[in-house]
Amino acid sequence: MLTPQRYCETVPVDLTWLGLHHLDLTSRQMHDLLMLRHDVFVIEQDCPYYRDIDGLDAADGTHHVLALHADQLVACARVLAPGGDRPEVRIGRVVVAPTARGSGAGHDLMRQSLTLCEQVWPAADIFLSAQAHLEQY
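Values in this document were obtained by computation on a predicted structure and should not be read as measured data. (Residues numbered from 1 in each chain as written. Predicted model: local features only at pLDDT ≥ 70, side-chain atom pairs only at ≥ 80, totals over all residues. Heavy atoms only, no water.)

Within the protein, residue pLDDT values average 88, and 85% of them lie at 70 or more. At the level of individual helices and strands, the protein shows its lowest average pLDDT in strand β5 (residues 126-128), which scores 93, and its highest in strand β1 (residues 16-21), which scores 98. (pLDDT = per-residue confidence, 0-100. Helix = DSSP H or I, 4+ residues; strand = E, 2+ residues; numbered from the N terminus.)

Let us look at the sheet that holds strand β3 (residues 72-80). The strands making up a sheet are joined through hydrogen bonds of the backbone, oriented either antiparallel or parallel. Read from one edge to the other, the open sheet built from five strands follows the order β1-β2-β3-β4-β5, with strand pairing classed as mixed. Two strands in the sheet have a free side with no partner beyond their single neighbour: β1 and β5. Pairs of neighbouring strands in the sheet enclose a mean axial angle of 20 degrees, with direction left out of account. In this structure, strand β4 (residues 89-96) lies alongside β5, joined through three bridges in parallel fashion. Its bridge partner lying in β5, I91 is registered against L128. Relative to the sheet, helix α2 (residues 105-120) contacts β1, β2 (63-69), β3, β4 and β5, its axis offset from that of β4 by approximately 155 degrees. (Pairing = 2+ DSSP bridges. Axes fitted to C-alpha atoms, helices over the stretch in contact; angles between N-to-C directions. Contact = heavy atoms within 4.5 Å.)

One pass over the structure, following the stated rule, counts ten salt bridges. Put simply, D54 and R93 hold a salt bridge, and the shortest N to O gap is 3.0 Å. Here D54, found in the loop between α1 (27-44) and β2, pairs with R93, found in strand β4; they are 39 residues apart in sequence, far enough to count as distant. Classification of D54 by relative accessible area gives partly exposed; the value is 29%. Of the residues examined, R93 reaches a relative accessible area of 16% and is grouped as buried. (Salt bridge = Lys/Arg side-chain N within 4 Å of Asp/Glu carboxyl O. Buried < 20%, exposed > 50% of the residue type's maximum accessible area, 1.4 Å probe, protein only.)

What follows concerns α2. If you check α2, its first and last C-alpha atoms are 22 Å apart, about what 16 residues at 1.5 Å a residue would give, namely 22 Å. Of the positions making up α2, those classed as buried are A105, G106, L109, M110, S113, L116 and C117. Down the axis of α2, the smallest arc covering the buried residues is 140 degrees, so these residues share one side. More than 90 degrees from the buried face of α2, the exposed residues found are R111, E118 and Q119. Where α2 is buried, its residues contact β1, β2, β3, β4 and β5. (Expected span 1.5 Å × (residues − 1). Arc of directions from axis to C-beta.)

For the rest of this paragraph, the subject is unusual backbone geometry. A positive phi angle, near 50 degrees, is found at D46, a position not held by glycine. Topologically, D46 is positioned in the loop between α1 and β2. Classification of D46 by relative accessible area gives exposed; the value is 61%. Non-glycine residue R93 carries a positive phi angle of around 50 degrees.

Time to look at the side chain of R78. Inspection of the secondary structure assignment puts R78 in strand β3. Engagement of the side chain of R78 in a polar contact is seen with the side chain of D54, the distance being 2.9 Å. Of note is the side chain of R78, whose polar atom sits 3.3 Å from the side chain of D57. With residues near it in sequence (within four places) discarded, R78 still touches R37, D54, L56, D57, T62, H63, H64, R90, I91, G92 and R93. (Polar contact = N/O pair within 3.5 Å; in protein donor to acceptor, adjacent residues only side chain to side chain.)

Next up, the structure:
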C-alpha cells in the first residue's frame, strides 16, 4: 500500500511543468521521480522484480518531464534521446501519483512530453514505451 503523505493530499488543479535535461535535475527531483516510479511500478503494481533503475535516467540526452503541485511531484515521464540502434525519441516510465489520477494530469503529461520532443528533436519520430492500457496515447 502506498503512503499518500509522500504526495499531495488533494487532486491537483494547478500544476507546474518542468522539462529538464537529466543534468539539470536537482538531486531532490531525481530522488522524487525514482521514489514515485518505485511506489507505483514496484509496490502498487506488485512487481518486486521490476528493474526500474536501468541506467538510462542519466544517459546522454535523456530528459525528464515533471509535474509539480505545491512542490510535490505528482507525475513524470522519461524521454530518451535518439541514438545507437534507436533512431526515434522514446517516451517511457510514464507515471501519475494515485492522488493525481482522474485529474487529467496523465493527458497533460503526455502533451508536455510530446511538446518537449518536438522542441528538442523536431525531426525525430517518437515512440511510446508503456503498458498496454496506455495504447490509446
